[in-house]
Amino acid sequence: MSKLVTIYGGSGFVGRYIARRMAKEGWRVRVAVRRPNEAMHVKPYGVPGQVEPVFCNIRDDASVAAVMAGSDAVVNCVGVLNEVGKNTFTAVQAEGAGRIARIAAAQGVAQLVHLSAIGANAESDSAYARTKAEGEAAVLAAFPAAVILRPSVIFGTEDQFFNRFAAMTRMGPVLPIAGGATLFQPVFVDDVAKAAVAGVLGHAAPGVYELGGPEVKSFAGLMDQMLAVINRKRIVVSLPGFVAGLMAFGFDLAQAATGGLFTNGILTKDQLKNLANDNVVSAEAKGLADLGIEPVTMGSVLPDYLWKFRPSGQYNELMNSARNLRGDI
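The numbering scheme is per chain: residues are counted from 1 as the chain's sequence reads. This being a predicted model, a pLDDT of at least 70 is required before a residue's local features are given, and a value of 80 or more before pairs of side-chain atoms are given or counted; all residues contribute to the totals for chains, interfaces and linings. Excluding hydrogens and water, the side-chain values take into account all heavy atoms of the structure.

The subject of this paragraph is the sheet that holds strand E4 (residues 73–76). Paired strands, as defined in this entry, are two strands with at least two bridges between them according to DSSP. In this description a helix means any DSSP run of H or I spanning at least four residues, a strand means any run of E spanning at least two, and both kinds are numbered starting from the N terminus. Read across the sheet, 7 strands follow the order E3-E2-E1-E4-E5-E6-E11 without closing on themselves; strand pairing throughout is parallel. Either end of the sheet is taken by a strand with one partner, and the two such strands are strand E3 (51–55) and strand E11 (207–211). Direction aside, neighbouring strands of the sheet carry axes that sit 20 degrees apart on average. Contacting E4, strand E5 (111–115), strand E6 (147–151) and E11, helix H6 (residues 189–200) crosses the sheet at an angle of about 155 degrees to E5. Angles run from 0 to 180 degrees between N-to-C directions of axes, and those axes are lines fitted to C-alpha atoms, restricted for helices to the stretch in contact. Working rule for contacts: check all heavy atoms of both residues, and any pair within 4.5 Å makes them a contact.

The next thing to look at is the pairing of E4. Relative accessible area decides the class of each residue, using a 1.4 Å probe on protein chains only: under 20% of the type maximum gives buried, over 50% gives exposed, and in between gives partly exposed. Every second residue of E4 is oriented toward a common face, with Ala-73 and Val-75 on one face and Val-74 and Asn-76 on the other, all of them buried. As defined by bridge partners, strand E1 (residues 4–8) adjoins E4 across 4 bridges and the pair is classed as parallel. When the sheet's bridge partners are listed, Thr-6 is paired in E4 with Val-74. As judged from the 4 bridges shared by E4 and E5, these two strands associate in the parallel manner. By the bridge assignment, Val-75 is partnered in E5 with Val-113. By convention a crossover is right-handed if, when the strands point away from the viewer, the path from the first strand over the helix to the second runs clockwise. The handedness of the E4 to E5 crossover, carried by helix H3 (residues 89–106), is right-handed.

This part takes up the packing of aromatic side chains. By convention, a stacked pair of Phe, Tyr or Trp rings (six-membered ring in the case of Trp) has centres within 6.5 Å and planes under 30 degrees apart, an edge-to-face pair has planes over 60 apart, and any other such pair is tilted. Enumeration over the complete set of coordinates arrives at 9 aromatic pairs. Both rings, one in Phe-13 and one in Tyr-17, keep their centres 6.4 Å apart while their planes meet at 90 degrees; by these two values the pair is edge-to-face. Chaining the aromatic ring pairs together yields one cluster made of Phe-161, Phe-162, Phe-165, Phe-184 and Phe-219. Sitting over the face of the ring of Tyr-17, Arg-20 holds its NZ or CZ atom 5.1 Å from the ring centroid. Note on criteria: charge over ring means Lys NZ or Arg CZ within 6 Å of the ring centre, with the direction from the centre no more than 35 degrees off the ring normal. The residue whose ring lies beneath Arg-20 is Tyr-45, and the NZ or CZ to ring-centre distance is 4.4 Å.

Below, the structure is given as structure tokens:
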């Protein structure tokens with residue numbers, strides 16, 4: 001019988017790419033999510049019955065154990081960028097990660113891959129970064145042979161980074177950002193998936209891997225590159241710290257005041273704390289090269305999915321050619 005991998009958060013941005021690759025490897029894939037009915041898009045990744053979404057609450061031992069039963073390998077992709085209701089940073093990224101590792105060890109799972117983030121730091125002022133570090137520590141305490149992946153900001157068709165800011169360019173001539181000088185090393189989502197698959201297949205030695213692409217750019221520099229791809233001229237403004245702080249406070253307050261009806265997906269106070277630190281691969285860290293993965297450049301991928309934000313969408317190049325032709329007549 002084919003081997004089975006359970007992917008917690010396997011219908012999300014990164015998880016779906018891992019699920020697709022594991023299906024191609026011939027494994028049965030169990031996608032553990034909170035809302036299986038919203039994860040049906042993973043089923044066509046394999047033959048009928050090969051990839052199946054199932055319900056799981058990462059905050060509950062019995063739920064985590066039930067979906068893990070019979071698994072040869074486990075991948076944890078669950079994380080949150082903003083605390084909403086019971087899905088707090090601690091509950092999901094620290095306690096949830098530790099729970100998965102503890103149960104995986106108890107069930108005799110052979111391989112465990114845990115998705116963390118560059119910047120994970122137990123001493124950080126950011127609850128996001130701090131709980132990422134706490135989650136890593138809990139994973140290694142329960143499952144010392146785990147493979148831990150720390151990606152920088154991840155880009156790809158469904159990303160919430162370039163897509164989000166490209167959409168903002170439709171709102172006016174100014175593109176406001178916070179932490180414009182902060183450095184990032186964006187990594188392609190499928191390269192992260194390849195790294196996870198290497199861990200599942202036992203091709204990666206246990207330990208921590210920091211994943212970054214071939215380019216390091218400031219936040220403002222990334223926005224300039226995005227604007228060039230979507231053929232829009234906008235003034236990129238890096239907001240002063242106190243202005244960004246007031247905005248984040250207001251958005252957080254709106255979320256709290258509405259009981260979560262408004263979810264702050266714009267800018268939180270915790271995200272501002274993260275933006276105070278560069279998000280790049282450490283010089284001494286193991287990375288994609290140690291896994292035999294050649295990282296994909298942003299320039300080779302961004303035009304494939306950001307074209308819809310161009311002034312004329314998919315016809316933008318055709319329109320430009322027509323203008324040039326008229327100019328030659």
